[in-house]
Amino acid sequence: MTKASDLRAKDVAGLEKEVTDLLKAHFGLRMQKGTQQLNNTSQLGKTRRDIARAKTILAEKKKGAAK
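Residues numbered from 1 in each chain as written. Predicted model: local features only at pLDDT ≥ 70, side-chain atom pairs only at ≥ 80, totals over all residues. Heavy atoms only, no water.

Considering the environment of glutamate 18
- Structurally, glutamate 18 is set in helix H2 (residues 12-34).
- For glutamate 18 and isoleucine 51, which are 33 residues apart along the polypeptide, the C-alpha to C-alpha distance reads 8.4 Å.
- At 2.7 Å, the side chain of glutamate 18 and the side chain of lysine 10 are in polar contact. (Helix = DSSP H or I, 4+ residues; strand = E, 2+ residues; numbered from the N terminus. Polar contact = N/O pair within 3.5 Å; in protein donor to acceptor, adjacent residues only side chain to side chain.)

Below, the structure is given as structure tokens:
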């Protein structure tokens, strides 16, 4: 789980990389679920929330940089 304070400390490029990494991790979890290899399905929700958190902070930073 990534904390919002950790994400806010990153720059825009770091946040974009974090979102990409989280999306890849989420894809891997979905594939594990599809092949019935995923034991802890709550990881899917946690990863999805982490992606949303990172995208929100990224949008805030981009909006702040545009001003």
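That covers the picture; the talk isn't over yet.
A few points about unusual backbone geometry
- Of note, the phi angle at glutamine 36 is positive, near 60°, even though the residue is not glycine.
- Owing to a relative accessible area of 74%, glutamine 36 belongs among the exposed residues under this scheme. (Buried < 20%, exposed > 50% of the residue type's maximum accessible area, 1.4 Å probe, protein only.)

Overview of the nonpolar core
- Counting eight residues, the largest nonpolar core is built from Leu7, Leu15, Val19, Leu22, Ile51, Ala54, Ile57 and Leu58.
- With four residues, helix H3 (residues 42-66) is the single largest residue contributor to this core.
- Beyond its immediate stretch of four places on either side in the chain, isoleucine 51 contacts Leu22, Leu23 and His26. (Core = buried A, V, L, I, M, F, W, Y, C linked by side-chain atoms within 4.5 Å. Contact = heavy atoms within 4.5 Å.)

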